[in-house]
Amino acid sequence: IPVTVILAASWLWYFVVNGELDIVGELGTANSGELLRPPRQAQDAGWHSADGQAFLPATPPKWVLVVPQQKGRCAAACESRLYETRQIHMALGKTMGRVARALVTAARPGELVLAAETLSDDRPLPETMAQYLDRDQRGMSVWYSGEAAFGDLFPELADQPDSWYLMDPAGW
């Protein structure tokens, strides 16, 4: 049996190396995301924090789960995306420190309102969006952009409103 396994592995390796067998193509993959073409640089979008600081990629560099929200109302779909990215972040376990989370909105600071009737995890609704972010989305940064910059950076939201993005450590 060991000789058979070695021979089968060698045969398989030979065909994969020579391009005659595409295992990944045959079996398929589980990813359902898309690469943005052309890539967009977040630093060029003019994001700023509530206190007016311009967006800069984190130091040390981190990947960022970006949840875009164009309007000031964070309804059920927005809350669901925030919950989903929080769960993904927590599922990373000990490597979660290599990934940050950010909410990017075209609303002005202070205009962001939690408009969901219930939370995805069935916890009680907080009174304000700020309380929700502090209590349920700890560590998430909030970045503001103008309407024009928001539309240029996230044009896919028109067709896929439940989208969120993974930004690489350089801000692309």
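In short, a report on the structure.

Scoring rules and cut-offs
Residues numbered from 1 in each chain as written. Predicted model: local features only at pLDDT ≥ 70, side-chain atom pairs only at ≥ 80, totals over all residues. Heavy atoms only, no water. Disulfide = S-S within 2.5 Å. Buried < 20%, exposed > 50% of the residue type's maximum accessible area, 1.4 Å probe, protein only. Helix = DSSP H or I, 4+ residues; strand = E, 2+ residues; numbered from the N terminus. Patch = residues over 30% accessible without salt bridge, like charges linked within 9 Å, V, L, I, M, F, W, Y side chains within 5 Å. Areas by Shrake-Rupley, 256 points an atom, 1.4 Å probe, with all protein chains shown as cover. Salt bridge = Lys/Arg side-chain N within 4 Å of Asp/Glu carboxyl O.

This paragraph deals with the state of the cysteines. For the structure on display, the rule yields one disulfide. Between the sulfur atoms of Cys-74 and its disulfide partner Cys-78 the distance amounts to 2.1 Å. Measuring the twist about the S-S bond at about -90 degrees, one finds the Cys-74-Cys-78 disulfide to be left-handed. A single burial state applies to Cys-74 and to Cys-78, both of which are buried.

Positive phi values are uncommon outside glycine, yet Asp-122 reaches one of about 60 degrees. Looking at the secondary structure, you find Asp-122 in the loop between β4 (113-114) and α4 (129-136).

The next point concerns a nonpolar patch on the surface. Together, Trp-11, Leu-12, Val-16, Ile-23 and Leu-27 make up a nonpolar patch on the protein surface, roughly 490 Å² of accessible area in all. With three residues, helix α1 (residues 2-17) is the largest single contributor of residues to the nonpolar patch. Note on placement: Trp-11 falls in helix α1. A residue is classified by how much of its surface remains accessible, and Trp-11, at 52% relative accessible area, is exposed.

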